[in-house]
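Now for the letters of each chain:
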Amino acid sequence: MSTPERRPVEVVKAVNGLEKVVLREIHGCSVEVYLYGAHVTSWKNEHGEELLFISSKEIFKPPKPIRGGIPICFPQFSSLGPLELHGFARNRLWTFDDDPPPLPPDIANKVFIDLILRSTKEDLKIWPHSFEYRLRITLGPGEDLMLTSRVRNTATDGKPFTFTFAYHTYFSVSDISEVRVEGLETLDYLDNCQKMERFTEQGDSLTFESEVDKIYLSTPTKIAVMDHEKKQTFVIRKDGLPDAVVWNPWDKKAKAMADFGDDEYKHMLCVEAAAVEKPITLKPGEEWRGRQQLSVVNKSGSEKPQRSRSVSYSSDRPRARGRSPAFNALASKFDNPGGRNLSTPPPLLSNLGGSSEGGGSSSGGGSHDAYKALSKSKAIASLTASFDKPSRDKLMPRSVKAATSDSNSRINPLNSRVDAVTVKENVKENEVEDDEGLTLYPYDRLTTSSTNPAPNIDVTRREMYLSKADFRAKFNMTKDAFYKMPKWRQNKMKTSLELF
Ligand SMILES: O=P(O)(O)OC[C@H]1O[C@@H](O)[C@H](O)[C@@H](O)[C@@H]1O
């Protein structure tokens, strides 16, 4: 029996008769978008694993907005204006845009749709501004998901308008206590849990142990959401969207939300590319662009696709204490001294002479650096290596390890990198090993700010390399007792001791 053809773009009737578009990429990755809200509700990798969170209590019933996926907050973020929370775009019926003004040419292995929302008479009563909002949703190459928004002022009365905006992305995570966000350290934020008061984030990457509802201001173009349990990192690249909202309702608010399971806060984290602090103003005829690109770095060290972009990281900011060396490696490899935009086209686009898709704000124009595949794969290997909890293999005394490294190196190039170092470095005189053969280090060589950092350690478990005595002195308990505590509590202690 032949399998039915699976078209790259398919429109299907979904829950409650709502129309849903399914985009499929050749390797099996997929995205689902409801016309209601132009709402991405699903993003799956080639193994069919869901990458976005959607509430199990979601009922898909207009005019209620959909809980999860990627709601579009427009023309107002949160309650920062006269409209309903997060504006009305997320509960309007969008239509297909049959004739979108051109965006740069599309390359192989990409599939996309264009949707449009225009102000209706009803909308004009609550927000008296004539607009056209075009959204392109692109899947691929690989599982990369890109959302490009273009908002135009179509007023004929000569009046400008002003709006705020967010891609309210709900990431699916294994366990919120295992998650860390990097890229927002040392930034100022407005805390929605504290009447929008302004604070400055500390130098450490973010971990979660209670409700968080913060708007980080003037953020870099790249943010990483690292899930240690899944050994997976989401990378958010954004353009034209200076702010980033981080939200998790935690237990009490979760219970108060009818469309959210009581425990679901453990399995989601919203990190939202946004323009909030400085609202965007458009004169008639002007257009704004805001773009968000999501990709995944998986445990085997590959970010799919293994090509096609360079990453910019704002080099005008001081390197923050508390970022993992791996993140810094990844970021610094792709520094774009030319600016904060990330809109570097894939090589194929360069060959075609096109500019990058989206192109950022209305002024457009991203850098066109050549993509350095080798550097990137090294940086990614470095990033993902930090996820590997020490296996028995790594716990072996180094001298013994050298004898077994040959077979490993054939299997896993990452191991061979570790082994290469291992063979050279026998345990030094002043280093001790524990009963398992794990090399121990003094506390000051294990901290995130160490000037003489211990080599080849699992940076997610720095505390493990402390001797029993040092551990007790720092943590006031034994290692056994420590590892019996909930993960969030462990992380909190580790953070306060600069070990996370
Ligand atoms: O329940 P809603 O309207 O989808 O909003 C959820 C949350 O969205 C976040 O973006 C806001 O910062 C929070 O304040 C808000 O509670």
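All figures in this text were calculated on a predicted structure; none of them were measured in a lab.

**Q** An account of the overall build of the protein chain is needed here, citing residue identities and associated values.
**A** The helix and strand inventory of the protein chain stands at eleven helices and 22 strands. Burial status across the protein chain gives 55% buried among its 500 residues. For the protein chain, the share of sequence-separated contacts (at least 6 apart) that also reach a separation of at least 24 residues comes to 65%. Just so you have it, the protein chain exposes about 21,600 Å², and 52% of that area is on carbon and sulfur atoms.

**Q** Lay out the sheet that holds strand E2 (residues 19–24) with the relevant residues and their values.
**A** Read across the sheet, four strands follow the order E1-E2-E3-E4 without closing on themselves; strand pairing throughout is antiparallel. The sheet is open, and its two borders are formed by strand E1 (9–13) and strand E4 (39–44), each paired with just one other strand. Taking the axes of each pair of neighbouring strands and ignoring which way they run, one obtains an average angle of 20° across the sheet. As judged from the five bridges shared by E2 and strand E3 (residues 30–34), these two strands associate in the antiparallel manner. Bridge pairing links Val21 to Val33 in E3.

**Q** Tell me about the pairing of strand E9 (residues 145–153), and name the residues and values.
**A** For E9, the tally of buried residues reaches eight of nine residues, placing the bulk of the element in the interior. Inspection of the sheet shows strand E8 (residues 131–139) paired to E9 by nine bridges, in the antiparallel sense. From the neighbouring strand, Arg136 faces E9, where its bridge partner is Thr148. Sheet topology places E9 next to strand E20 (residues 287–297); eight bridges connect them, and they run antiparallel. Among the inter-strand pairings, Arg150 is bridged to a residue of E20, identified as Arg289.

**Q** Got a sec to walk through the site of the ligand? Specific residues and values, please.
**A** Residues in close proximity to the ligand include Arg67, Phe77, Leu85, His86, Arg90, His168, Asn192, Asp213, Val245, Trp247 and Glu272, which together make up its full environment. Within the contact set of the ligand, an oxygen atom lies 2.9 Å away from a side-chain nitrogen or oxygen of Arg67. Contact distances for the ligand include 2.7 Å between an oxygen atom and a side-chain N or O atom of His168. About the coverage of the ligand: the protein hides 85% of its 390 Å² of free accessible area. Of the residues assigned to the shell around the ligand, the class counts are four nonpolar, three polar and four charged.

**Q** Run through the side chain of Thr219, naming residues and quoting values.
**A** By the secondary structure assignment, Thr219 is in the loop between strand E15 (212–216) and strand E16 (222–227). Among the residues examined, Thr219 registers a relative accessible area of 3% and is labelled buried. A polar contact of 2.6 Å, which involves the side chain of Thr219, links it to the side chain of Lys238.

**Q** Tell me about the packing of aromatic side chains, and please be specific about residues and values.
**A** For the structure shown, the criterion picks out 28 aromatic pairs. Ring geometry for Phe471 and Phe482: centres 5.5 Å apart, planes at 75°, overall edge-to-face. With Phe471 in helix H9 (residues 468–475) and Phe482 in helix H10 (residues 479–484), this residue pair connects regions lying eleven residues apart in the sequence. This pair shows no difference in class: Phe471 is buried, exactly as Phe482 is. An aromatic cluster of three or more residues is present, and its members are Phe74, Phe88, Trp94, Trp127, Phe131, Tyr133, Phe161, Phe163, Phe165, Tyr167 and Trp288. Of note, Arg180 hangs over the ring of Phe500, and the distance from its end group to the ring centre comes to 4.8 Å.

**Q** Describe the environment of Phe260, listing the residues and the values that go with them.
**A** Here Phe260 is to be found in the loop between helix H2 (250–256) and strand E19 (268–282). What makes Phe260 buried here is its relative accessible area of 0%. With 205 residues separating them in the primary sequence, Phe260 and Ser55 have C-alpha atoms 5.6 Å apart.

**Q** Describe the pairing of E15, listing the residues and the values that go with them.
**A** Burial of E15 is extensive: five of the five residues sit out of reach of the surface. Of the two faces of E15, the one lined by Val212, Lys214 and Tyr216 and the one lined by Asp213 and Ile215 are each fully buried. Of the strand pairs in this sheet, strand E13 (residues 188–191) and E15 are connected by three bridges, and their pairing is antiparallel. Bridged to Asp191 within E15 is Lys214. As paired elements, E15 and strand E18 (residues 243–248) share five bridges and run antiparallel to each other. From the neighbouring strand, Lys214 faces E18, where its bridge partner is Val246.

**Q** I'd like a description of the nonpolar core, backed by residues and values.
**A** Counting 73 residues, the largest nonpolar core has Trp43, Phe74, Tyr133, Ile137, Phe163 and Phe208 as the members making the most contacts within it. Counting residues per element, this core draws most heavily on E19, at eight residues. Residues contacting Phe163, with those up to four places away along its chain left out, are Phe74, Pro75, Trp127, Val151, Pro279, Ile280, Leu282 and Trp288.

**Q** Give a description of the confidence of the model for the protein chain that names residues and reports values.
**A** Scored by pLDDT, the protein chain comes out at a mean of 78, with 72% of its residues at no less than 70. In the model, residues 305–322 has pLDDT below 50 throughout and makes 71 contacts with residues more than four positions away in sequence or in other chains. The low-confidence segment residues 326–427 (pLDDT under 50) makes 210 contacts with residues lying over four places distant or belonging to another chain. As a predicted assembly, this complex carries a pTM of 0.68 together with an ipTM value of 0.98.

Definitions and cut-offs
Residues numbered from 1 in each chain as written. Predicted model: local features only at pLDDT ≥ 70, side-chain atom pairs only at ≥ 80, totals over all residues. Heavy atoms only, no water. Helix = DSSP H or I, 4+ residues; strand = E, 2+ residues; numbered from the N terminus. Buried < 20%, exposed > 50% of the residue type's maximum accessible area, 1.4 Å probe, protein only. Contact = heavy atoms within 4.5 Å. Areas by Shrake-Rupley, 256 points an atom, 1.4 Å probe, with all protein chains shown as cover. Pairing = 2+ DSSP bridges. Axes fitted to C-alpha atoms, helices over the stretch in contact; angles between N-to-C directions. Near = heavy atom within 4 Å. Polar contact = N/O pair within 3.5 Å; in protein donor to acceptor, adjacent residues only side chain to side chain. Nonpolar A, V, L, I, M, F, W, Y, C, P; charged D, E, K, R; others polar. Phe/Tyr/Trp six-rings, centres within 6.5 Å; stacked < 30°, edge-to-face > 60°. Lys NZ or Arg CZ within 6 Å of the ring centre and 35° of its normal. Core = buried A, V, L, I, M, F, W, Y, C linked by side-chain atoms within 4.5 Å. pLDDT = per-residue confidence, 0-100.

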